There are 4 protein chains.
Amino acid sequence: MNSFGHKFKISLFGESHGNMVGVVIDGTPAGIPLKEEDLLPDLQRRRSGAKGTTPRKEDDTPVIQSGIYNGFTTGALICISFLNNNTISKDYKSLEQTPRPGHADFAVSSKYNHFNDPRGGGHTSGRLTLGIVAAGVIAKKIISPINISANILSIGGANPWEDLLDKAIQEGDSLGGLIECKGTNMPVGLGEPFFNSIESLISHIIFSVPATKGIEFGDGFRAASMKGSEHNDPIISKDGKTAKNSNGGINGGISNGNDLIFRVAIKPTSSISKPQQSINLQTGNVEEMKIAGRHDSCIALRIPVIIEAAAAIAIADLTL
Amino acid sequence: MNSFGHKFKISLFGESHGNMVGVVIDGTPAGIPLKEEDLLPDLQRRRSGAKGTTPRKEDDTPVIQSGIYNGFTTGALICISFLNNNTISKDYKSLEQTPRPGHADFAVSSKYNHFNDPRGGGHTSGRLTLGIVAAGVIAKKIISPINISANILSIGGANPWEDLLDKAIQEGDSLGGLIECKGTNMPVGLGEPFFNSIESLISHIIFSVPATKGIEFGDGFRAASMKGSEHNDPIISKDGKTAKNSNGGINGGISNGNDLIFRVAIKPTSSISKPQQSINLQTGNVEEMKIAGRHDSCIALRIPVIIEAAAAIAIADLTL
Amino acid sequence: MNSFGHKFKISLFGESHGNMVGVVIDGTPAGIPLKEEDLLPDLQRRRSGAKGTTPRKEDDTPVIQSGIYNGFTTGALICISFLNNNTISKDYKSLEQTPRPGHADFAVSSKYNHFNDPRGGGHTSGRLTLGIVAAGVIAKKIISPINISANILSIGGANPWEDLLDKAIQEGDSLGGLIECKGTNMPVGLGEPFFNSIESLISHIIFSVPATKGIEFGDGFRAASMKGSEHNDPIISKDGKTAKNSNGGINGGISNGNDLIFRVAIKPTSSISKPQQSINLQTGNVEEMKIAGRHDSCIALRIPVIIEAAAAIAIADLTL
Amino acid sequence: MNSFGHKFKISLFGESHGNMVGVVIDGTPAGIPLKEEDLLPDLQRRRSGAKGTTPRKEDDTPVIQSGIYNGFTTGALICISFLNNNTISKDYKSLEQTPRPGHADFAVSSKYNHFNDPRGGGHTSGRLTLGIVAAGVIAKKIISPINISANILSIGGANPWEDLLDKAIQEGDSLGGLIECKGTNMPVGLGEPFFNSIESLISHIIFSVPATKGIEFGDGFRAASMKGSEHNDPIISKDGKTAKNSNGGINGGISNGNDLIFRVAIKPTSSISKPQQSINLQTGNVEEMKIAGRHDSCIALRIPVIIEAAAAIAIADLTL
């Protein structure tokens with residue numbers, strides 16, 4: 001089903017070109033100070049506008065429709081909505097006819113027998129992540145003093161990526177990126193051995209973030225090539241601190257008191273203006289297609305705050 | 001909570017040195033042929049005995065305690081148990097005093113205020129994966145003709161790994177490994193956009209398999225370094241087949257009709273006989289410790305069948 | 001948590017005097033024809049205005065914010081909202097000081113440490129049942145040809161209740177009522193033996209309808225006084241029809257092909273203009289209080305359509 | 001699905017004439033003293049042997065297979081099993097041919113396409129309630145100092161029921177019964193307004209107890225015939241105590257600090273030795289049938305402890 005969490009539970013609703021998108025949040029304790037302005041900084045970080053992101057601008061103005069009273073959460077469900085303003089009508093039927101490579105067009109329209117809303121990606125649009133970011137702000141308040149922060153490690157495989165990005169923009173191409181997320185002030189004991197390990201919950205929600213292709217904790221994929229004597233990590237203090245934090249703050253699915261560390265691989269934006277090939281489902285021929293419109297050249301640039309939010313939501317679910 | 005799945009739901013119970021370990025499975029349709037012998041081939045694949053695996057042998061004999069009648073599933077809960085026979089009593093108090101690096105000892109005993117069963121890893125023992133493998137056999141029947149198979153790609157970073165493994169055994173060290181899992185005959189349309197993408201469910205359960213450090217789908221972490229024009233993947237047939245399967249059979253969280261492809265990083269076994277360092281929680285001093293006993297030098301060798309089972313369980317949950 | 005259902009899942013949000021109330025519905029299959037007008041007949045049945053119901057009128061205009069496209073459900077979450085228009089501001093602090101007998105004032109403000117929204121009952125207001133009725137319309141479409149209909153059996157214990165009702169209105173008093181709900185065209189085999197019997201799911205959601213005090217199926221409480229030879233019910237046809245339908249269409253928690261029959265006891269509206277007594281939490285004295293404002297003299301009159309909706313939702317959850 | 005609870009979750013497995021029946025319990029905090037003997041007093045109360053109950057005796061010896069260590073719960077899943085010893089093989093095919101009135105035979109075999117285990121009621125047998133009683137003992141420890149106790153109010157409609165019971169036994173008939181359950185030391189604030197009211201959770205699990213036909217809280221069905229001025233209940237102390245406890249300790253689905261009071265209607269045992277009529281599914285004729293074997297004349301006599309356990313489980317789920 002389309003919700004995440006047991007104790008701090010969120011559901012996303014809406015479509016890219018419908019009335020609104022939003023999130024319903026269940027499980028927020030009463031008495032947490034919350035007003036709409038609290039949501040703005042993280043929503044701003046997710047917005048487009050910087051180089052490599054789409055020129056299309058949305059208001060992204062959150063309205064808290066329920067669950068707050070006099071500036072505090074009430075303990076009832078919180079519904080936060082975002083009106084869709086900046087939608088441009090076009091002929092989405094062509095997408096059903098010639099599904100875009102790398103997009104969910106084909107899989108979604110098959111799954112829903114063509115009853116899905118295809119406009120702008122419909123319910124599978126990245127615009128739905130507004131709700132994740134908004135819920136993340138609340139989650140961050142809940143899990144405090146745990147602090148979650150995510151940053152870009154590389155774009156297109158490069159550490160300083162300005163030049164690569166300029167080139168991709170010029171060429172109508174796009175770039176993937178690698179994001180690292182760190183949680184500090186982690187307590188010992190979050191997570192369940194089977195089946196709600198911290199890694200299980202975090203990866204579950206992270207793989208709901210569009211464009212995610214991989215996740216690794218601590219030494220991650222490097223550990224597959226290591227010897228035990230290299231990877232193993234001496235415990236050096238009574239509160240569980242280790243020498244190298246090889247396991248990214250988790251043992252046996254349970255937080256061990258070290259920083260939470262994980263990395264997420266984001267694929268290059270599927271929509272590029274370079275010509276691509278895809279099948280015309282009516283003719284059965286593979287045709288060249290060009291995707292017009294306003295796109296992010298590097299969607300990874302906008303994703304760190306979404307990763308933060310997702311991680312905070314997973315941890316809030318384990319904390320409550 | 002300690003269960004996985006919505007429609008095909010499993011819970012693991014038991015401790016390594018208690019009476020038994022087992023699995024309770026909810027959601028199996030009535031009328032599937034099932035007898036205990038059906039479980040044996042996959043259980044055998046999980047067993048130790050080959051080079052690089054522990055010399056300790058367990059019977060691993062499954063008993064189906066409920067949910068079958070006259071050789072068919074009844075639709076009621078299936079409980080499968082495995083007696084623990086080959087347990088060796090020793091002084092586990094030392095583990096609480098000097099927790100083993102890389103193990104869950106410290107995190108678990110902190111989480112449960114020292115009420116956990118520490119013998120042989122207790123409830124967090126790899127022995128609990130017997131239940132995953134057993135449930136996986138049933139899941140494989142449910143999802144047929146989808147076929148899941150997992151294989152080792154490398155051990156210790158090497159493709160032919162005999163020599164590395166011999167050396168690690170001699171040195172009392174251990175090795176990590178990389179496993180690839182493939183699903184064939186995949187239908188289009190499995191998975192939910194938010195929050196139950198195929199990747200979400202598979203990663204959720206895979207990160208319950210002890211020693212897992214990372215997971216990636218299709219191009220995975222490589223995609224973070226790619227350009228869109230490299231990663232993008234032309235759709236070349238009316239049933240959704242693509243040229244390169246860059247996305248591992250999934251777009252927008254939903255199966256696209258191509259093979260499911262994912263890889264899992266397994267860390268080297270934490271228990272090595274080489275001397276290591278850890279804190280003595282009573283004295284507060286970091287001490288040298290040696291872990292005696294019978295251990296796998298490369299636990300990854302036993303894990304492919306567990307990965308298969310976990311993937312089959314996730315897909316069964318989406319299929320029903 | 002504040003949602004109902006596994007496969008057809010609903011969550012209610014909003015407060016009586018907040019921006020809006022609404023419902024989020026997960027699990028509706030794609031391709032069901034749905035437009036806002038479809039919701040109006042049942043919403044109209046729930047409205048006030050008839051004798052014995054509150055003179056306060058709300059628009060109760062539903063807006064489907066998501067999950068439909070071109071007049072059909074898309075398979076994505078459906079969010080339906082209702083603006084709150086006709087709210088009258090008053091001093092709700094007195095309710096926290098002198099909680100109204102029979103109301104949730106005391107329990108709710110204790111539970112949420114006084115952070116709840118007290119205006120008009122806040123999140124516990126009967127106004128939230130708008131969302132149940134709206135979801136019920138969709139559920140009725142899903143479960144067709146099963147048909148659910150609920151009617152009033154008695155008000156204040158009387159079968160023709162005109163006179164009793166007139167008297168209660170004059171006296172500033174209120175009346176309880178008894179409602180019977182019937183489901184026809186029931187298939188055999190809905191429901192699970194433990195713990196999701198039809199009775200379990202129906203009673204679970206029915207007891208979320210404010211003012212419900214009891215529920216019974218088939219012979220119900222009369223069965224407690226019967227002999228087996230009286231209550232037992234011969235099966236008289238190959239499709240499971242019985243002579244008397246003593247069990248209200250259910251055996252062992254599973255539908256048996258006869259009509260579903262259950263009755264619900266609704267208590268008299270707690271808000272009456274007759275003087276009552278309650279504690280003043282500040283002074284500690286029991287004081288006489290009079291509840292002013294616009295109230296239903298018999299809320300039971302508005303509840304049959306809510307009972308229908310709730311039953312349809314429970315059955316949709318078992319049907320999908 | 002076949003489990004109950006969010007935070008204290010139980011699943012029942014097994015069949016009446018299979019290897020064993022049992023319960024798996026998830027969510028028990030670590031550190032609760034628990035040994036098998038603790039379960040015996042409540043299991044003894046559920047046993048047969050008294051007048052009006054079946055002469056068939058089972059050992060009902062519980063074995064705690066997991067989740068305890070050194071006499072305390074560990075926080076891991078608790079599996080408790082009961083071997084089936086006293087099973088008598090007979091020809092159950094006749095039950096599929098001529099289903100017993102009032103039993104689940106017809107509904108269950110239709111639901112599961114005849115793959116269900118029909119021996120002794122299979123998975124729908126009252127024997128499965130052993131697991132509810134065992135889980136209830138643990139729940140009672142969790143919710144302490146809340147105390148739950150259930151008693152019989154009447155049998156066959158009579159308050160002193162000796163004579164009625166003797167007569168029913170002589171005539172090969174059976175009797176229904178009415179049970180009242182009371183919870184004392186209730187805190188204020190348990191329960192959720194939508195959809196997990198206390199009544200919702202309690203009724204959900206109570207209707208999983210075989211033979212239950214109705215449930216009412218506080219004034220219950222009487223409230224449907226009352227005036228508000230009769231039913232309403234002055235709050236008379238600062239901690240929420242009311243004059244009459246008309247609402248059985250609950251307002252708006254939330255505990256109000258008064259005793260929890262509810263009553264449950266139990267139908268007469270369906271298996272009676274008096275001749276009854278049912279359809280022969282092969283011939284299509286309605287035939288007279290006599291049910292041989294060992295039966296309870298009044299199953300209600302054994303049910304109070306099951307009601308207690310069920311209520312304690314629901315409250316534990318809300319308490320944790």
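Residues numbered from 1 in each chain as written. Chains lettered and ligands numbered in written order. Predicted model: local features only at pLDDT ≥ 70, side-chain atom pairs only at ≥ 80, totals over all residues. Heavy atoms only, no water.

(A) Quick look at the overall build of chain A. When helices and strands are tallied, chain A shows 8 helices and 15 strands. Here the C-alpha radius of gyration of chain A, 21 Å, is about what a compact globule of 320 residues would show, namely 20 Å. If you line up chain A on its principal axes, its C-alpha atoms span 65 × 55 × 35 Å. In chain A, buried positions account for 63% of the 320 residues. Of all intrachain contacts in chain A linking residues separated by at least 6 positions in sequence, the fraction that spans at least 24 positions is 72%. Positive and negative charge centroids in chain A, built from 31 and 32 side chains respectively, lie 0 Å apart. (Helix = DSSP H or I, 4+ residues; strand = E, 2+ residues; numbered from the N terminus. Rg over C-alpha atoms; globule rule 2.2 N^0.38 Å. Buried < 20%, exposed > 50% of the residue type's maximum accessible area, 1.4 Å probe, protein only. Contact = heavy atoms within 4.5 Å. Lys, Arg positive; Asp, Glu negative; His and termini not counted. Charge placed at Lys NZ, Arg CZ, Asp CG, Glu CD.)

(B) The arrangement of the packing of helix α6 (residues 198-206) of chain C against helix α6 (residues 198-206) of chain D in detail. For the pair α6 of chain C and α6 of chain D, interaxial distance at closest approach is 8 Å and the crossing angle is 170 degrees. Comparing the axis directions of α6 of chain C and α6 of chain D gives the class roughly antiparallel. Residue-level inspection shows Ser200, Leu201, Ser203 and His204 of chain C of α6 of chain C in contact with α6 of chain D, the latter providing Ser200, Leu201, Ser203 and His204 of chain D. Of the residues that constitute the contact of α6 of chain C with α6 of chain D, the class distribution is 2 nonpolar, 6 polar and no charged. (Axes fitted to C-alpha atoms, helices over the stretch in contact; angles between N-to-C directions. Parallel < 35°, antiparallel > 145°, perpendicular 65-115°, else oblique. Nonpolar A, V, L, I, M, F, W, Y, C, P; charged D, E, K, R; others polar.)

(C) Geometry of the interface of chain A and chain B. With 104 residues of chain A in contact, the opposing surface of chain B contributes 103 residues. Approximately 7,700 Å² of surface area, both sides summed, lies buried where chain A meets chain B, with 61% of it carried by carbon and sulfur atoms. The largest share of the area that chain A buries against chain B comes from Phe194, Phe195 and Lys213 of chain A, three residues that together contribute 12% of it. There are 2 salt bridges connecting chain A and chain B. In this structure, Glu192 of chain B and Lys111 of chain A form a salt bridge, with 3.5 Å as the shortest nitrogen-oxygen distance. Our count for the chain A to chain B interface comes out at 47 residue pairs in polar contact (both at pLDDT 80 or more). Two elements, strand β10 (residues 212-217) of chain A and strand β10 (residues 212-217) of chain B, share 3 bridges in a ladder whose sense is antiparallel. Pairing of Glu216 of chain A across the sheet is with Gly214 of chain B, part of β10 of chain B. (Buried area = accessible area lost by both parts, 1.4 Å probe. Salt bridge = Lys/Arg side-chain N within 4 Å of Asp/Glu carboxyl O. Polar contact = N/O pair within 3.5 Å; in protein donor to acceptor, adjacent residues only side chain to side chain. Pairing = 2+ DSSP bridges.)

(D) Expanded view of the sheet that holds strand β9 (residues 177-184) of chain C. Pairing in this open sheet of 8 strands is antiparallel, and the strands run β8(C)-β9(C)-β13(C)-β10(C)-β10(D)-β13(D)-β9(D)-β8(D) from one edge to the other. Single-partner strands in this sheet number two, and they are β8 (147-155) of chain C together with β8 (147-155) of chain D. For this sheet, the mean angle separating the axes of adjacent strands, direction not counted, is 20 degrees.

(E) Spotlight on the relation of the copies chain A and chain B. Mapping chain A onto chain B leaves a residual RMSD of 0.0 Å; the transformation is a rotation of 180 degrees accompanied by 0.0 Å of translation along its axis. Both copies are brought into coincidence by an operation consistent with a two-fold rotation axis. (Least-squares fit on C-alpha atoms with pLDDT ≥ 70 in both.)

(F) Quick peek at unusual backbone geometry. Ser144 of chain B connects to Pro145 of chain B through a cis peptide bond whose omega is 10 degrees. Residue placement: Pro145 of chain B occurs in the loop between α4 (129-143) and β8 (147-155). Look at the link from Phe194 of chain B to Phe195 of chain B: it is a cis peptide, with omega at 0 degrees. Tracing the sequence through the fold places Phe195 of chain B in the loop between β9 (177-184) and α6 (198-206). The backbone of Asn70 of chain D sits at a positive phi, close to 55 degrees, despite the residue not being glycine. Position of Asn70 of chain D among the secondary structure elements: in the loop between β5 (68-69) and β6 (72-73).

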